[in-house]
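# A look at the structure
Chain residues, written in single-letter form:
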Amino acid sequence: KAGVTQTPRYLIKTRGQQVTLSCSPISGHRSVSWYQQTPGQGLQFLFEYFSETQRNKGNFPGRFSGRQFSNSRSEMNVSTLELGDSALYLCASSGAEETQYFGPGTRLLVL
Amino acid sequence: DAKTTQPPSMDCAEGRAANLPCNHSTISGNEYVYWYRQIHSQGPQYIIHGLKNNETNEMASLIITEDRKSSTLILPHATLRDTAVYYCIARYNTDKLIFGTGTRLQVFP
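### Considerations on the state of the cysteines
Scanning the model with the defined rule gives two disulfides over all chains in all. One disulfide bridge connects cysteine 23 of chain A with cysteine 91 of chain A, the sulfur atoms lying 1.7 Å from each other. With the S-S bond torsion at -45 degrees, the cross-link from cysteine 23 of chain A to cysteine 91 of chain A turns out left-handed. Of this pair, cysteine 23 of chain A sits in strand 3 (residues 19–24) while cysteine 91 of chain A is found in strand 9 (residues 87–94), placing the two residues 68 residues apart along the sequence. For the pair cysteine 23 of chain A and cysteine 91 of chain A, one class covers both residues: buried. Covalent S-S linkage joins cysteine 22 of chain B and cysteine 88 of chain B, the inter-sulfur distance amounting to 2.1 Å. On the sign convention where negative is left-handed, the bridge of cysteine 22 of chain B and cysteine 88 of chain B, at about -80 degrees about the S-S bond, is left-handed.

Dropping the structure here:
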């Protein structure tokens, strides 16, 4: 069974721009969660989607948003990028057993 | 979610068992103990989880004390590729994962 895939793997943007990251979950998984990892804050939860609905949300500003499609694929968007948004963005999917499996991440650099 | 406490770093000789401890003294009855590891700049990798009983899979064994206030992850024969940061997380099954600072395990030849 293929694992979680994320695209793109690397991305460079400038301040003020917006970015969209994509996540394809493991086949059959309906839940997708997003996390941000920075050296200073560690791994932090952004939000979770289940059956196209946001089920849980972390403590991030409204510039961070997400959505999930009917095929369970998910996207997250960050608008008006700031230097501090430079991070590794991780997506995890889970099925009925609720164990989260992570993708390789998208490394975003904001200049 | 219960807070977990792990030593910041540990060393282990290649081929020996690596025993990684975790304290979760405030864990509730319905919270599972999950273990993940993260090799440098990769996505966290799920290792194992358990509720009350000891668990074993192809990667590791998880020993949970009877009072559930602590647990130990055992890698029976550590290899250099097991060098990583290991995270112990107490979690309700449908809840988000809250990562602490983990234990940095260094396996040396």
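### Some words on the sheet that holds strand 3 of chain A
All names here are of chain A. Taken together, the four strands give an open sheet; going across it, the order is 1-3-8-7, and neighbouring strands pair in antiparallel fashion. The open sheet is flanked by strand 1 (5–7) and strand 7 (64–68), the only strands paired with a single partner. This sheet shows a mean twist of 20 degrees between the axes of neighbouring strands, independent of strand direction.

### A few points about the sheet that holds strand 3 (residues 31–38) of chain B
All names here are of chain B. Spatial strand order, 1-9-8-3-4: five strands in an open sheet with mixed pairing. On the outer flanks of this sheet lie strand 1 (9–13) and strand 4 (45–50), each paired with one strand and no other. When the angles between neighbouring strand axes are averaged without regard to direction, this sheet yields 25 degrees. Inspection of the sheet shows strand 3 paired to strand 8 (residues 84–92) by eight bridges, in the antiparallel sense. By the bridge assignment for strand 8, tyrosine 32 is matched with arginine 91.

Cut-off values and rules
Residues numbered from 1 in each chain as written. Chains lettered and ligands numbered in written order. Predicted model: local features only at pLDDT ≥ 70, side-chain atom pairs only at ≥ 80, totals over all residues. Heavy atoms only, no water. Disulfide = S-S within 2.5 Å. Helix = DSSP H or I, 4+ residues; strand = E, 2+ residues; numbered from the N terminus. Buried < 20%, exposed > 50% of the residue type's maximum accessible area, 1.4 Å probe, protein only. Pairing = 2+ DSSP bridges. Axes fitted to C-alpha atoms, helices over the stretch in contact; angles between N-to-C directions.

These values are about where atoms sit, not about what they do.
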